[in-house]
Amino acid sequence: MKPLLIAACVATLLAPAAANAAREVKRSVQFLGFSEDGSRFLLKVVDADRGTFLSLRSFANNKQEKAYPIEDPARERRITEDARKRHRITDKGRDSQIAPDERHTLIGIPRGHRYEIAVLRDGRLLSFQSIDVPRGASGYAKIVLSGIHWSRDGRKIVAMIHKTLADDQGMDVDEALPFEFFAGSLGE
């Protein structure tokens, strides 16, 4: 009888670990706008673990400053309007790979363990940013540049990337990455 009891205890202890080992991280992110001064931006996040919430982030370090949970979908519009007003989110941004002055285009280029965001201008391709690509048992994650949001003045960018990794510790996530854009620093 004791071996059966010990086996049941071990199975009870190992079951949560096995369930967590095969857990996939799922998160989608939607850009909602820049603050008046461009120091912050607002996102809507739908996370399988944490639920739906608004995330006010610092442009300087991409750290979350405030979170506003959206527990009732009927109140989402009101919560979003209040957050926009409270934090002066007035610049909806331009959702385009093409800069507001239409002289530069941003594109994504997968390069194994790195993902390059490059700038295309007048037929020339220049490196802009490089992002580490996570690796799992099945290889490197698939990354896609899913959106670019430019501030009105074209100097601030929030790049939306989508990462997919089909492993036991898989992921299907969106990420928002803020960058400053100065064409003169590209070596043109």
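Located above this text is the structure these notes cover.
Now for a look at the structure at hand. Source: prediction; values computed, not measured.

Each value, and the rule that gives it
Residues numbered from 1 in each chain as written. Predicted model: local features only at pLDDT ≥ 70, side-chain atom pairs only at ≥ 80, totals over all residues. Heavy atoms only, no water. Helix = DSSP H or I, 4+ residues; strand = E, 2+ residues; numbered from the N terminus. Buried < 20%, exposed > 50% of the residue type's maximum accessible area, 1.4 Å probe, protein only. Contact = heavy atoms within 4.5 Å. Areas by Shrake-Rupley, 256 points an atom, 1.4 Å probe, with all protein chains shown as cover. Pairing = 2+ DSSP bridges. Axes fitted to C-alpha atoms, helices over the stretch in contact; angles between N-to-C directions. Phe/Tyr/Trp six-rings, centres within 6.5 Å; stacked < 30°, edge-to-face > 60°. Lys NZ or Arg CZ within 6 Å of the ring centre and 35° of its normal. 1 Å grid on protein atoms, 1.4 Å probe; cavity = no way out; pocket = protein on both sides within 12 Å on 5 of 7 lines; lining within 4 Å. Points joined across faces, edges and corners; volume = space filled by probe spheres on them. Salt bridge = Lys/Arg side-chain N within 4 Å of Asp/Glu carboxyl O.

**Considering the overall build of the protein chain**
- Counting its regular elements, the protein chain contains 2 helices and 14 strands.
- Counting across all 188 residues of the protein chain, residues that qualify as buried make up 38%.
- Sequence-distant contacts in the protein chain: of pairs separated by 6 or more residues, those separated by 24 or more amount to 43%.
- Approximately 11300 Å² of the protein chain is accessible, and the part contributed by carbon and sulfur atoms is 51%.

**What about the environment of Gln30?**
- Position of Gln30 relative to the elements: it lies in strand β1 (residues 25–35).
- On the basis of relative accessibility, which here comes to 42%, the residue Gln30 falls in the partly exposed class.
- For Gln30 and Leu42, which are 12 residues apart along the polypeptide, the C-alpha to C-alpha distance reads 8.8 Å.
- Discounting chain neighbours no more than four positions away, the residues touching Gln30 are Leu42, Leu43, Lys44 and Met160.

**Some remarks on the sheet that holds strand β8 (residues 114–121)**
- Read from one edge to the other, the open sheet built from 3 strands follows the order β7-β8-β9, with strand pairing classed as antiparallel. Edge positions in the sheet fall to β7 (105–111) and β9 (124–132), since each has one partner strand and no second. Sheet twist, expressed as the mean angle between neighbouring strand axes with direction ignored, is 30°.
- In the sheet, β7 pairs with β8 via 7 bridges, with the strands oriented antiparallel. Paired with Ile107 across the bridge in β8 is Ala118.

**Points about the packing of aromatic side chains**
- Tallied over the full model, the rule gives 6 aromatic pairs.
- On the numbers, 6.4 Å between centres and 80° between planes, the contact of Phe41 with Phe59 is edge-to-face. Taken together, the positions of Phe41 in strand β2 (residues 40–47) and Phe59 in the loop between β3 (51–58) and β4 (64–69) put the pair 18 residues apart, joining distant regions of the chain. Take Phe41 and Phe59: they sit in the same class, and that class is buried.
- Connected via pairs of aromatic rings, a cluster forms that spans Phe31, Phe34, Phe41 and Phe59.
- Stacked on the ring of Tyr140, the Lys or Arg Arg135 has its end atom at 4.8 Å from the ring centre.

**Remarks on the layout of surface pockets**
- Of the pockets and cavities examined, the largest pocket occupies roughly 190 Å³.
- Lining the largest pocket are 14 residues, with Arg27, Val29, Leu43, Val45 and Arg57 positioned closest to its centre.
- Among the elements of the structure, β1, β2, β3 and β14 (171–180) are those that each provide at least two residues to the lining of the largest pocket.

**Topic: the environment of Phe41**
- Take Phe41: its relative accessible area is 0%, and that puts it in the buried class.
- With 48 residues separating them in the primary sequence, Phe41 and Ile89 have C-alpha atoms 7.2 Å apart.
- Not counting residues within four places of it along the chain, the set of residues in contact with Phe41 comprises Phe31, Gly33, Phe34, Ser55, Leu56, Arg57, Ser58, Phe59, Asn62, Val158, Ala176 and Pro178.

**As for the pattern of salt bridges**
- Inspection of the entire model under this criterion finds 8 salt bridges.
- When the shortest N-O distance is used, the salt bridge between Lys163 and Glu175 registers 2.8 Å. Taken as a pair, Lys163 in strand β13 (residues 156–165) and Glu175 in strand β14 lie far apart in primary sequence, 12 residues in all.
- Of the residues examined, Lys163 reaches a relative accessible area of 9% and is grouped as buried.

**Let's talk about the pairing of β3**
- The buried fraction of β3 is high, at 6 of 8 residues.
- With 8 bridges joining them, β2 and β3 adopt antiparallel strand pairing. From the neighbouring strand, Asp47 faces β3, where its bridge partner is Gly51.
- Connecting β2 to the next strand, β3, in antiparallel fashion are 3 residues.
- In the sheet, β3 pairs with β4 via 5 bridges, with the strands oriented antiparallel. Bridging from a neighbouring strand, Leu56 pairs with Lys66 of β4.

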